[in-house]
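Listed here are the chains, written in short residue letters.
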Amino acid sequence: MESRVLDYFSRHPGATLSDLAAHSGRDKAQLTRLVKGLREHGDLESKEDLKDRRSVRLQLSAQGEALQRDLRKTGAQILERAVVGLSESQCEDLVTLLKNIQSNLEGER
C-alpha cells in the first residue's frame, strides 16, 4: 500500500490526504497512519495550504522520488518476466481481462 501512496503523490504532487482517500476509496484513518509513517521516514513532505490552513498538501521528497523510481523499475522488470512467452495479442487480452477484474472489484467498494 505504501508504494501505491507514493505513486499517487508522484502523479499528483500537492494533493491532500482527502484527495488520496477519495481516489483510493480507502479508509481515511488507515491512510492517515500510512502517510504519517511515510512522512516520518522522509519519503513524503508536507506543506500548509496557503488558501486553507487546515489542509496539508503532500508531495514526494527527494528520497521518496528515488524510492518511487526504484519501485517502478522493479515493477517493470517483474512485468517483463511475467509475460515472457506471451504474444502481443495474449498480452492485450490479459490487460483487457485484468481491467474487467479491476472494474468488478471497484464495484464492491
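Residues numbered from 1 in each chain as written. Predicted model: local features only at pLDDT ≥ 70, side-chain atom pairs only at ≥ 80, totals over all residues. Heavy atoms only, no water.

Chemist: Quick rundown of the overall build of the chain? Include the residues and the values.
Modeler: Tallying secondary structure elements over the chain gives five helices and two strands in all. Ordering the α and β elements of the chain from the N terminus gives α-α-α-β-β-α-α. For 109 residues, the compact-globule formula gives about 13 Å, and the C-alpha radius of gyration of the chain, at 17 Å, lies well above that figure. Summarising its shape, the C-alpha atoms of the chain cover approximately 50 × 30 × 20 Å along the three principal directions. Looking at the chain residue by residue over its 109 residues, the buried ones come to 21%. Within the chain, residue pairs in contact and separated by at least 24 positions form 47% of the contacts whose partners lie at least 6 positions apart. Just so you have it, the chain exposes about 8100 Å², and 50% of that area is on carbon and sulfur atoms. (Helix = DSSP H or I, 4+ residues; strand = E, 2+ residues; numbered from the N terminus. Rg over C-alpha atoms; globule rule 2.2 N^0.38 Å. Buried < 20%, exposed > 50% of the residue type's maximum accessible area, 1.4 Å probe, protein only. Contact = heavy atoms within 4.5 Å. Areas by Shrake-Rupley, 256 points an atom, 1.4 Å probe, with all protein chains shown as cover.)

Chemist: Can you explain the nonpolar core? Please cite residues and give values.
Modeler: Counting residues in each nonpolar core, the largest one holds 15 residues, and the members touching the most others are V5, F9, L20, L31, V35 and L44. Elements with a minimum of two residues in this core: α1 (2-11), α2 (17-24), α3 (28-41) and β2 (56-60). (Core = buried A, V, L, I, M, F, W, Y, C linked by side-chain atoms within 4.5 Å.)

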